[in-house]
Amino acid sequence: MRVLCLILIITTFPFVISCQSELEKLSVSAEKAFKKKDYKLSISYLDQAIKLDSENSSYYEKRADAKKELKDEYGAKLDYSKAIILDNNNSNLYMKRGDLSYSSRSKNCIAALSDFNKAIELNPKLYYAYFLRGAMSGCRIDIESRIEDLNFYIENTKTPVSYAFYARGYLYSRLFKNKEALRDFNKAIKLDNKKSLYYWERGKFKIIRIKDIKSGCKDVKKADQLLFGKKRSDFYKKYCDSK
């Protein structure tokens, strides 16, 4: 129920304008604070906005975004859920809540998959939802379906994120499609050459799967450098120290 703004609306016209103006200021201030990564301040502005208008789903969505950045998973989920109650045809809200369910410490695969499915049902062109669904690991989703989702995302997105190629490469490697796996690992690293995970997986793939020990050890060494500096992983010591 709208609290203060509803009271103002049934009183005098100037106060209605004043209320709407205050809401706009709070919303803009919250957005600026969020961009500056001052998430607590952003939440404070949104708390005030919700007191004035408790039926605006965007305030709950933005507050959930800020709470997520602060690792307040419970609070963020409550706000995303409240936003969905107020705007249950908003595909982005389901996608965000699904992402939170999957990435949270408890990793609720069932809830995440349900929300991703709903987001795509509402908006079949919400390509990032396909990426999130395809990138889900450890959730007992068949590999072919995940690859289809990643294919759809990559083919329909102008600048796909590097992780989409890494994830697809990893899935191809599990299917023993070595050519496709190596192609995608290479693409992921081309897009982001600072991710130790990409070098690590490509290195292991080269060493164990295609027996390219020399090149694979270079990748593992690069991953170790990004993670540990001069320290070498046990994997490197086992497969590469004597090479």
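About the cut-offs
- Residues numbered from 1 in each chain as written.
- Predicted model: local features only at pLDDT ≥ 70, side-chain atom pairs only at ≥ 80, totals over all residues.
- Heavy atoms only, no water.
- Helix = DSSP H or I, 4+ residues; strand = E, 2+ residues; numbered from the N terminus.
- Rg over C-alpha atoms; globule rule 2.2 N^0.38 Å.
- Contact = heavy atoms within 4.5 Å.
- Areas by Shrake-Rupley, 256 points an atom, 1.4 Å probe, with all protein chains shown as cover.
- Lys, Arg positive; Asp, Glu negative; His and termini not counted.
- Charge placed at Lys NZ, Arg CZ, Asp CG, Glu CD.
- Expected span 1.5 Å × (residues − 1).
- Buried < 20%, exposed > 50% of the residue type's maximum accessible area, 1.4 Å probe, protein only.
- Disulfide = S-S within 2.5 Å.
- Axes fitted to C-alpha atoms, helices over the stretch in contact; angles between N-to-C directions.
- Parallel < 35°, antiparallel > 145°, perpendicular 65-115°, else oblique.
- Left-handed = near helix turned anticlockwise from the far one by under 90°.
- Nonpolar A, V, L, I, M, F, W, Y, C, P; charged D, E, K, R; others polar.

### Here we look at the overall build of the chain
Then comes step 1: Looking only at helices and strands, the chain features 14 helices and zero strands.
Then comes step 2: Mapped from its N terminus to its C terminus, the chain presents α and β elements in the order α-α-α-α-α-α-α-α-α-α-α-α-α-α.
Then comes step 3: In terms of C-alpha radius of gyration, the chain reaches 23 Å, well past the compact-globule figure of 18 Å for 243 residues.
Then comes step 4: Put simply, 45% of the contacts in the chain that link residues at least 6 apart link residues at least 24 apart.
Then comes step 5: Of the accessible surface of the chain, which amounts to about 14100 Å², a share of 53% is contributed by carbon and sulfur atoms.
Then comes step 6: For the chain, the distance from the average position of its 49 positive side-chain charges to the average position of its 31 negative side-chain charges is 7 Å.

### Describing helix H10 (residues 162–174)
Then comes step 1: Spanning 13 residues, H10 covers 19 Å between terminal C-alpha atoms, matching the ideal 18 Å at 1.5 Å per step.
Then comes step 2: With respect to burial, H10 is a largely interior element, 10 of its 13 residues being buried.
Then comes step 3: Within the span of H10, buried status applies to Ser-162, Ala-164, Phe-165, Tyr-166, Ala-167, Arg-168, Gly-169, Leu-171, Tyr-172 and Ser-173.
Then comes step 4: Buried residues along H10 sit in contact with helix H8 (127–134), helix H9 (143–156), helix H11 (178–191) and helix H12 (196–209).
Then comes step 5: Positive backbone phi, approximately 65 degrees, marks Phe-176, located one or two places after H10.

### Let's talk about the state of the cysteines
Then comes step 1: Within the structure shown, the criterion is met by two disulfides.
Then comes step 2: Bridging Cys-109 to Cys-139, the disulfide has an S-S length of 2.0 Å. The sign of the -60 degrees torsion about the S-S bond sets the Cys-109-Cys-139 disulfide as left-handed. Highlighted residues: Cys-109 in helix H7 (residues 109–122) and Cys-139 in the loop between H8 and H9, separated in sequence by 30 residues. Cys-139 shares its class with Cys-109; the two are buried.
Then comes step 3: Two residues, Cys-217 and Cys-240, share a disulfide whose sulfurs are 2.1 Å apart. Across the S-S bond linking Cys-217 and Cys-240, the dihedral sits near -90 degrees, which makes this disulfide left-handed. Within this pair, whereas Cys-217 is found in helix H13 (residues 213–228), its partner Cys-240 is found in the segment after helix H14 (234–239), the two being separated by 23 residues in sequence. Here the two residues Cys-217 and Cys-240 agree in accessibility, since each one is buried.

### Examining the packing of H10 against H11
Then comes step 1: The contact between H10 and H11 brings their axes to 8 Å, and the two run at 160 degrees. Of the possible angle classes, the one that applies to H10 and H11 is roughly antiparallel. In this structure, H10 crosses over H11, and the sense of that crossing is left-handed. Within the contact between the two elements, H10 uses Ser-162, Phe-165, Tyr-166, Arg-168, Gly-169, Tyr-170, Tyr-172 and Ser-173 and H11 uses Glu-180, Ala-181, Arg-183, Asp-184, Phe-185, Lys-187, Ala-188 and Leu-191.
Then comes step 2: Classifying every residue of the contact of H10 with H11 by side-chain character gives eight nonpolar, three polar and five charged.

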